[in-house]
Amino acid sequence: MVEAFAVASGKGGTGKTTSTLALGMALSEEHDVTVVDADMGMANMLFHAGLSDVETTLHDVLTADAPVAAATYDRFDMTVVPCGTSLDDFRDADPTRLREVVAQLATDTDVLLLDSAAALDSRSAVLPIVLADRVIVVLQPTIPALSDALKVQEYASSYDTGVAGLLFNKVHDDDAIDEIATKTEQYFDGSTLSTVPDSEAAREARRAGRPLLAHAPSSPPAESFRQAAARIDVRDRGSEAVADRFRSAVVPDSP
């Protein structure tokens, strides 16, 4: 079985990469999980997962300089595929190769989490949403964040990608989140998976180069991410059929 989820927000600063790794660790308690940093232009997962010193990344695979296996690393009970930070490598990378990358990864995992680009302004940014079965929308309870999140859903809908749910992140006590979440659900296909409180623990985890659930497993935001993961119903899809779908996916034009 395998299901691919794009973790997307439509804007920067929502804590998308923190969320991707936290959900990955929580889901890994019951599933084999592979996390891919598909934010090819502004990658930072390698810093969050203690992989800043690795030699081979997704960029090397997308330039056909390395096989997929060379860019996979076992970390925190997950398989992690980080992307590099070199602008030259980003320029030389062929984003269409991501189809083959996820096709190969799909044959040996239960859950694929694709950490997507913040802004949906290029083919490489939109491609993870095209490839995914469903999207997990990470947002904050602000009007700009809600507006950008709706754009994510619009792109997902146009490529027949479903919405697994909404994840409100960096929530403050005075955000009236219950009321906001209820109203927001009227405009989205998925329900709220969890509301994650803003916390110094998340910032400390980033500075330490460790996922939140590894750095502060008992913290309130860690518990919220576990709640979100428990509400994601991972669907049983044939690995080979999913891999074939990835390989034949239509690469979108630039938005």
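Within any chain, residue numbers begin from 1 and follow the written order of that chain's sequence. Only residues with pLDDT of at least 70 get local features here, since the model is predicted, and only at 80 or more are side-chain atom pairs given and counted; chain-wide, interface and lining totals rely on the full set of residues. Side-chain figures throughout are based on the complete set of non-hydrogen atoms in the structure, without hydrogens or water.

A. Examining the packing of helix 5 (residues 98-106) against helix 6 (residues 123-131) more closely. Working convention: axes come from line fits to C-alpha atoms, limited for helices to the stretch in contact. Angles between N-to-C directions cover 0 to 180 degrees. In DSSP terms, a helix is any run of H or I states spanning at least four residues, a strand is any run of E spanning at least two, and both are numbered starting from the N terminus. For the pair helix 5 and helix 6, the least separation of the axes is 11 Å and the interaxial angle reads 35 degrees. The way helix 5 lies across helix 6 gives a crossing that is right-handed. Touching L98, R99 and V102 of helix 5 are L127, P128 and L131, all from helix 6. The class makeup of the residues in the contact of helix 5 with helix 6 is five nonpolar, no polar and one charged. A crossing counts as left-handed when the near helix is turned anticlockwise from the far one by less than a right angle, and as right-handed when that turn is clockwise. The contact rule is simple, with two residues in contact once any of their heavy atoms fall within 4.5 Å. Gly is put with the polar residues, along with every residue not named as nonpolar or charged; the nonpolar set is Ala, Val, Leu, Ile, Met, Phe, Trp, Tyr, Cys and Pro, and the charged set is Asp, Glu, Lys and Arg.

B. Region of interest: the side chain of N169. Tracing the backbone through its elements, the reader meets N169 in strand 7 (residues 162-171). The class of N169 is buried, set by a relative accessible area of 6%. Setting aside residues up to four positions removed in sequence, N169 forms contacts with T14, G15, S19, V138, L139, Q140, P141, V196 and F225. To sort residues, take the accessible area from a 1.4 Å probe on protein chains only and compare it with the maximum for the residue type: under 20% means buried, over 50% means exposed, and anything in between is partly exposed.

C. Expanded view of the sheet that holds strand 1 (residues 3-8). At least two DSSP bridges between two strands are needed for those strands to be called paired. With respect to topology, eight strands assemble into an open sheet ordered 3-4-2-5-1-6-7-8, the strand pairing being mixed. Every other strand in the sheet has two partners, leaving strand 3 (73-75) and strand 8 (192-197) as the edge strands with one partner each. Adjacent strand axes in the sheet meet at a mean angle of 25 degrees when their direction is disregarded. As judged from the four bridges shared by strand 7 and strand 8, these two strands associate in the parallel manner.

D. Examining the environment of A49 more closely. Assignment of secondary structure puts A49 in the loop between helix 2 (45-48) and helix 3 (58-62). On the basis of relative accessibility, which here comes to 1%, the residue A49 falls in the buried class. Counting along the chain gives 99 residues from A49 to D148, while the straight-line C-alpha distance between them is 27 Å. Leaving out residues up to four positions away in the same chain, A49 has contacts with L21, R75, F76, G209 and P211.

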